Amino acid sequence: NMNSEEKQIQAALDVLYAMRLLVASIKEEQQSLIDEILTEEQKEKILEINSEYATRIEDANHTLSEAEDKVKITVKGMGKTVKSNNLQAVFTAGRVTWDGKGLQGYAAAVPDLWQFAKQGEPTISIREVK
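Participant: Would you mind going over the packing of aromatic side chains in detail, with residue names and values included?
Facilitator: Using the criterion set out here, one finds 0 aromatic pairs in the structure. Lying over the aromatic face of tyrosine 53, arginine 56 brings its terminal NZ or CZ to 4.7 Å of the ring centre.

Printed below as a string of structure tokens:
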């Protein structure tokens, strides 16, 4: 049993999906035109170059990731943000969390606790239906 607002959102989601398909189609069309002007020899050479660079990029990203992890571990131990000329490792203290269900149960018996409760803004993510 759906209200008109939900139907409007469903229609808008259908439009968003069509837009995503259009973007993908434009990219495919672009690649198709590129493929038309390339000779088989050129296509093969591009594949070779991409293959060679894929490994190099993967290796470089792995090295970068390991170096970033070392910095993060050190900064975590220091407990403070460290800046350089181009980057900074920002230290953010861990958030204090509470057992929400347990506290809600307790607040049923001690209603004064509700004055300390606050609810954040909801977030919306648009995902493909699986």
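Participant: Help me get a handle on helix α2 (residues 40-78), residues and values and all.
Facilitator: The first and last C-alpha atoms of α2 sit 56 Å apart over 39 residues, in line with the 57 Å expected at 1.5 Å per residue. Where α2 terminates, the next one or two residues include glycine 79, which has phi positive at roughly 75°.

Participant: I'd like a description of the pattern of salt bridges, backed by residues and values.
Facilitator: Counting across every chain of the model gives 3 salt bridges. Between glutamate 48 and lysine 45 there is a salt bridge, with the nearest N and O atoms lying 3.8 Å from each other. Of this pair, glutamate 48 and lysine 45 both sit in helix α2, 3 residues apart, roughly one helical turn. Among the residues examined, glutamate 48 registers a relative accessible area of 45% and is labelled partly exposed. On the basis of relative accessibility, which here comes to 47%, the residue lysine 45 falls in the partly exposed class. A salt bridge links arginine 56 to glutamate 52, with the nearest nitrogen and oxygen atoms 3.9 Å apart. Here the residue arginine 56 and the residue glutamate 52 both occupy positions in helix α2, the gap between them amounting to 4 residues, near one helical turn.

Participant: For the layout of surface pockets, give the residues involved together with the corresponding values.
Facilitator: A probe as big as a water molecule, rolled over the atoms, marks out the empty space that is left. If you add up the space inside the largest pocket, you get close to 540 Å³. Lining the largest pocket are 14 residues, with Trp98, Leu103, Phe116, Ala117 and Lys118 positioned closest to its centre. Here the lining of the largest pocket is composed, by residue class, of 8 nonpolar, 4 polar and 2 charged. Quantified by volume, the second largest pocket comes out at close to 350 Å³. Around the second largest pocket sit 15 residues that line it, and Glu68, Val71, Lys72, Gln88 and Ala89 are the ones nearest its centre. Of all elements in the fold, only α2 and β2 (88-89) reach the threshold of two or more residues within the lining of the second largest pocket. When residues of the lining of the second largest pocket are assigned to their parent elements, the largest contribution, 7 residues, is made by α2. Along the lines of polarity and charge, the residues of the lining of the second largest pocket split into 9 nonpolar, 3 polar and 3 charged.

Participant: Report on the environment of lysine 72, specifying residues and quantitative values.
Facilitator: As for its placement among the helices and strands, lysine 72 is situated in helix α2. Here the alpha-carbon distance between lysine 72 and phenylalanine 91, two residues 19 residues apart in the chain, equals 8.6 Å.

Participant: Outline a nonpolar patch on the surface, supporting the account with residue identities and numerical values.
Facilitator: Together, Ile9, Leu13, Val15, Leu16, Met19, Ile124 and Ile126 make up a nonpolar patch on the protein surface, roughly 680 Å² of accessible area in all. Summarising the element assignment, isoleucine 126 is placed in the segment after α3 (100-109). Judged by its relative accessible area of 47%, isoleucine 126 falls in the partly exposed class.

Calculation criteria
- Residues numbered from 1 in each chain as written.
- Predicted model: local features only at pLDDT ≥ 70, side-chain atom pairs only at ≥ 80, totals over all residues.
- Heavy atoms only, no water.
- Phe/Tyr/Trp six-rings, centres within 6.5 Å; stacked < 30°, edge-to-face > 60°.
- Lys NZ or Arg CZ within 6 Å of the ring centre and 35° of its normal.
- Helix = DSSP H or I, 4+ residues; strand = E, 2+ residues; numbered from the N terminus.
- Expected span 1.5 Å × (residues − 1).
- Salt bridge = Lys/Arg side-chain N within 4 Å of Asp/Glu carboxyl O.
- Buried < 20%, exposed > 50% of the residue type's maximum accessible area, 1.4 Å probe, protein only.
- 1 Å grid on protein atoms, 1.4 Å probe; cavity = no way out; pocket = protein on both sides within 12 Å on 5 of 7 lines; lining within 4 Å.
- Points joined across faces, edges and corners; volume = space filled by probe spheres on them.
- Nonpolar A, V, L, I, M, F, W, Y, C, P; charged D, E, K, R; others polar.
- Patch = residues over 30% accessible without salt bridge, like charges linked within 9 Å, V, L, I, M, F, W, Y side chains within 5 Å.
- Areas by Shrake-Rupley, 256 points an atom, 1.4 Å probe, with all protein chains shown as cover.

It is worth stressing that arrangement in space is one thing and function is another; only the former is reported here.
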